[in-house]
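An overview of the molecular structure
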Amino acid sequence: MTISLDLADRIIAAARKKGRDLGLAPLTVVVLDPGGHMVALAREDGSGIARVEIATGKAWGALGIGAGSRVLFDRWKAGGEGFVTALAAATGGRMIPVPGGVLALDDAGKVAGAVGISGDTSDNDEACAIAGIEAVGLTARPGG
């Protein structure tokens, strides 16, 4: 299964609603298919100009390593700066190693795509991505 445009729009709506319910800063939400291609994007009014690239990098990084972007962050914090730096170089800087990039799994446990969010703290971005994914019946995988 791959996330369709309709499903991506619903993920974005649910993620944005979670952000509004929590009173978060304006969010940018990106949904990618399993190949890292953008399916949909929403940038709320007032969201910073680099947020599209950051949200995309979070989702792309999750797809690239097969785990949520929190894994990259945790690895870096645990002394794996060399790995994260090498991965950044190997991918041309396309990944962002902080929470907020979450894999979306289908009923069979296969990757259907990824959601990346940027705008508030990384933990809050991640919570909104999880809410969006779960709202459409997919399984969110923020970590390993």
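On a predicted model such as this, the values are computed, not experimentally measured, just so you know. (Residues numbered from 1 in each chain as written. Predicted model: local features only at pLDDT ≥ 70, side-chain atom pairs only at ≥ 80, totals over all residues. Heavy atoms only, no water.)

Quick look at the sheet that holds strand β3 (residues 101-105) now. Taken together, five strands build an open sheet; the order of strands is β2-β1-β4-β3-β5 and the sheet is antiparallel. Looking along the sheet, the strands with just one partner apiece sit at the ends: β2 (38-43) and β5 (139-141). When strand polarity is set aside, the average angle formed by the axes of neighbouring strands in this sheet is 20°. Of the strand pairs in this sheet, β3 and strand β4 (residues 111-118) are connected by five bridges, and their pairing is antiparallel. Pairing of A104 across the sheet is with G113, part of β4. In the packing of helix α2 (residues 51-65) onto the sheet, contacts are made with β1 (28-32), β2, β3 and β4, and the angle to β4 comes to roughly 145°. (Pairing = 2+ DSSP bridges. Helix = DSSP H or I, 4+ residues; strand = E, 2+ residues; numbered from the N terminus. Axes fitted to C-alpha atoms, helices over the stretch in contact; angles between N-to-C directions. Contact = heavy atoms within 4.5 Å.)

What follows concerns the nonpolar core. Counting 23 residues, the largest nonpolar core has I3, V115, I117 and L138 as the members making the most contacts within it. Contributions of two or more residues to this core are made by α1 (5-22), β1, β2, β3, β4 and α5 (122-135). Here this core takes five residues from α1, the largest share from any one element. Among all residues touching L138, those that are not within four sequence positions of it are M1, I3, L7, I11, A104, L105, D106 and I133. In this structure, V30, A55, V84 and L103 belong to the second largest nonpolar core, which totals 14 residues. (Core = buried A, V, L, I, M, F, W, Y, C linked by side-chain atoms within 4.5 Å. Buried < 20%, exposed > 50% of the residue type's maximum accessible area, 1.4 Å probe, protein only.)

Right, let's get into the packing of aromatic side chains. Tallied over the full model, the rule gives one aromatic pair. Geometry around F83 places R75 over its ring, the cationic atom sitting 3.8 Å from the centre. (Phe/Tyr/Trp six-rings, centres within 6.5 Å; stacked < 30°, edge-to-face > 60°. Lys NZ or Arg CZ within 6 Å of the ring centre and 35° of its normal.)

The geometry of α2 relative to helix α3 (residues 69-77) is characterised by a closest axis approach of 7 Å and an angle of 85° between their N-to-C directions. Considering the angle they form, α2 stands roughly perpendicular to α3. Residues K58, G61, A62 and I65 of α2 form the contact with α3, whose participating residues are S69, V71 and L72. (Parallel < 35°, antiparallel > 145°, perpendicular 65-115°, else oblique.)

For the rest of this paragraph, the subject is the pairing of β1. With five of five residues buried, β1 lies mostly within the body of the structure. In β1, alternate side chains face the same way, and those of T28, V30 and L32 on one face and V29 and V31 on the other are all buried. Pairing geometry for β1 and β2, over five bridges, is antiparallel. Looking at β2, one finds that T28 is bridged to R43. Two successive antiparallel strands, β1 and β2, enclose a turn made up of five residues, where G36 displays a positive phi of approximately 85°. As judged from the five bridges shared by β1 and β4, these two strands associate in the antiparallel manner. Counted as the bridge partner of L32 is A114 from β4.

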